Amino acid sequence: MVSKTEEAQVNRLENQVDNGGGGAWEYLCLVRTLKLRRSDKVLKHGLSILNDPKKRSSLGPDEWTLYEQVAIAAMDCQCLDVAKDCIKVLQKRFPDSKRVGKLEAMLLEAKGSWVEAEKAYTSLLEDNPLDQVIHKRRSAMAKAQGNTSGAIEWLNKYLEIFMADHDAWRELAEIYVSLQMYKQAAFCYEELILSQPTTPLYHLAYADVLYTLGGLENLQTAKKYYASTIDLTGGKNTRALLGICLCTFSIGELTKGRNKEGKESSDLQCLAAAALEKDYKQRAPTKLALLNSTLKSLKLSS
Amino acid sequence: MGGELRYEIGQNAYIKLILHTLKHKTSAVNGVLLGRVSGGDTKPVVEITDSVPLFHSQIGLLPPLEIALVQIEEYYDQQGLNIVGYYHANERFDDFELGTVAKNIGDHIYRYIPQAAVLLLDNKKLEALPKGKDRSPVMQLYTRDVSRSWKLVGSDGSSQVTIKEPSANIVLVDYISSGKWQDIIDFDDHLDDISKYEHKLLFSLFFHHLITYFCE
């Protein structure tokens, strides 16, 4: 998960390298630290360093990390020959290495040799039962084969041991959403909010899931979490502001004829609408009219 | 006694949606199809004239979809176009099934127009595109039948979807090789940064096509 500034930094570097302005190694390091998936760029720029003997030797011991990074990127781009070559180099340098063994197993996975890959991972796990990456590969393999229930099962088993892995909770939540198992997705986001209460992304996702579940209680809770997202993002999150408007409208539809929530809720909606209008005026003025008519159609019930 | 319903997609709409799927190769993407029904009773045709790329993340969530549909309805109504369908590309390369999320969104679109078209990306056809001379779109067409379920329209039926401009796939291959998919902005991108939106792209796509046309 990256912040906006981190993403801007990576994009800037990427542009620079793409246009021949240098900084390839810096870019590759940043992509690795932020755990981004930009395999086509990594492959291209990584290979340009590795294929140049001068550049390669200037890396020193980092050369091997680059081989590893490029091997994985190559597998993601289905350039399996490149991956095989990188792994061969690493095998020569580090014979009997478990880390290289992992790459070999991943190559089997990339080829679609699921049974051999499974065998390889199982044997690697025997020697190293707490290797998180390998545990997660099993879930990834299930997902790649279209076995989503298997992927869920593996992820749940993984999370029983490694319950602090936020990325895994997010992945599980997203799988649940794709299967429309919204209650289970909500549970994942609840775990994430409990462990990282100041991360707005989780509040926002939780609110979206609750809204999708529907029903008066869920809508009211969703509204609270859109509000907390706005709080945590200094009012700058467009999705949360729109979420407030949607919730107020839908709650209004559901409570027509009953005691309305009162002035407090319409205040919140007005504030959100005003914030949106201000932002659009500044940054997307040609879309302002469209926003206004959207907001108008959402205010029908109040 | 009427003619059988045809589906026709314009080059601009077609290329934009394929490029959208190529920009986000590692996730499912979707979008809405705009156009109109014409031809009366004798030669009815659903003309798809534009497409709006919507999302590339958490497609099963309602709030962004609801906002998008409100805005799209409003904007295209002013241009005399209606929502006539929905497109979807699955996350995995070898997944040729129309999943439940896609079907549910399709059901929602069906409320706009009973002849709604759901287009699912055919990855194998897309991969084979540069090598062949196929003029048909690299999509599968689904329509809703009387049993209220989405059925794949077979290649033998005349209600297949065709591309209006016969050389569309050639233009598409050209755009793909020049990396034009990087310029696609979808609704997700807009919600993340409202200063990004689609219209500049429409112009640049069309303009590029004009230049290549005149330089042949």
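Since this is a predicted model, take the numbers as computed values, not measurements. (Residues numbered from 1 in each chain as written. Chains lettered and ligands numbered in written order. Predicted model: local features only at pLDDT ≥ 70, side-chain atom pairs only at ≥ 80, totals over all residues. Heavy atoms only, no water.)

Novice: Honestly, the overall build of chain A in this entry has me stumped. Any pointers?
Specialist: From N to C terminus, chain A includes 17 helices and zero strands. Taken against the 2.2 N^0.38 rule, which gives 19 Å for 302 residues, the C-alpha radius of gyration of chain A at 24 Å runs more than 25% over that of a compact globule. Taken over the C-alpha atoms alone, chain A extends approximately 75 × 45 × 30 Å along its principal axes. For chain A, the proportion of its 302 residues judged to be buried stands at 44%. Of all intrachain contacts in chain A linking residues separated by at least 6 positions in sequence, the fraction that spans at least 24 positions is 48%. Of the roughly 16000 Å² of accessible surface on chain A, 53% is carried by carbon and sulfur atoms. One way to put it: in chain A the 41 positive side-chain charges average out to a point 5 Å from where the 38 negative ones average out. (Helix = DSSP H or I, 4+ residues; strand = E, 2+ residues; numbered from the N terminus. Rg over C-alpha atoms; globule rule 2.2 N^0.38 Å. Buried < 20%, exposed > 50% of the residue type's maximum accessible area, 1.4 Å probe, protein only. Contact = heavy atoms within 4.5 Å. Areas by Shrake-Rupley, 256 points an atom, 1.4 Å probe, with all protein chains shown as cover. Lys, Arg positive; Asp, Glu negative; His and termini not counted. Charge placed at Lys NZ, Arg CZ, Asp CG, Glu CD.)

Novice: What should I look at first to understand the domain arrangement of chain A in this one?
Specialist: By a widespread convention, an interface's size corresponds to the accessible area lost as its parts come together. Parsing chain A into structural domains produces domain 1 (1–97) and domain 2 (198–254 + 268–301). Of note, the centres of domain 1 of chain A and domain 2 of chain A, computed from C-alpha atoms alone, are 40 Å apart. (Domains from an automatic or database assignment.)

Novice: Would you mind going over the sheet that holds strand S3 (residues 45–55) of chain B with me for this structure?
Specialist: In sheet architecture, strand pairing relies on hydrogen bonds along the backbone and comes in two forms, parallel and antiparallel. All names here are of chain B. Strands sit in the order S7-S6-S5-S4-S2-S3-S1-S8 across an open sheet of eight strands; the sheet is mixed. Two strands bound the open sheet, and with one partner strand each, they are strand S7 (150–152) and strand S8 (161–163). The sheet shows a mean angle of 35° between the axes of neighbouring strands, taken without regard to direction. When strand S5 (residues 117–121) meets strand S6 (residues 139–144), the two strands line up antiparallel, connected through four bridges. Along S6, the bridge assignment pairs Val118 with Tyr142. Sitting on the sheet, helix H1 (residues 11–23) is in contact with strand S1 (6–9), strand S2 (29–38), S3, strand S4 (82–89), S5, S6 and S8, with an inclination near 30° to S3. Where helix H2 (residues 62–77) meets the sheet, it contacts S2, S3 and S4, and its direction lies at approximately 135° from that of S3. (Pairing = 2+ DSSP bridges. Axes fitted to C-alpha atoms, helices over the stretch in contact; angles between N-to-C directions.)

Novice: It is not clear to me how the UniProt feature "domain: EMC2 TPR-like" (unreviewed entry) in chain A should be interpreted in this structure. Could you clarify?
Specialist: In the UniProt entry, the feature "domain: EMC2 TPR-like" (unreviewed entry) is given for residues 100–209 of chain A. Annotated as residues 100–209 of chain A, this span is 82% helix and 0% strand, and its ends, taken at the C-alpha atoms, are 40 Å apart. (UniProt positions renumbered as here; feature names shortened; annotations may be inferred.)

Novice: Before we go on, may I ask you to explain the pattern of salt bridges in this structure?
Specialist: Where charged atoms from two side chains of opposite charge come close, those side chains can pair. The full count for this structure, using the stated rule, is 25 salt bridges over all chains. Residue Arg137 of chain A is joined to Glu109 of chain A by a salt bridge in which the shortest nitrogen-to-oxygen separation is 2.9 Å. Of the two residues, Arg137 of chain A is situated in helix H9 (residues 132–144) and Glu109 of chain A in helix H7 (residues 98–111); the sequence distance between them amounts to 28 residues. Where Asp94 of chain B meets Arg92 of chain B, a salt bridge forms, and the shortest distance between an N and an O atom there is 3.0 Å. Connected through salt bridges with shared partners, the residues Lys143 and Glu171 of chain A together with Glu91 of chain B form a single ionic network. (Salt bridge = Lys/Arg side-chain N within 4 Å of Asp/Glu carboxyl O.)

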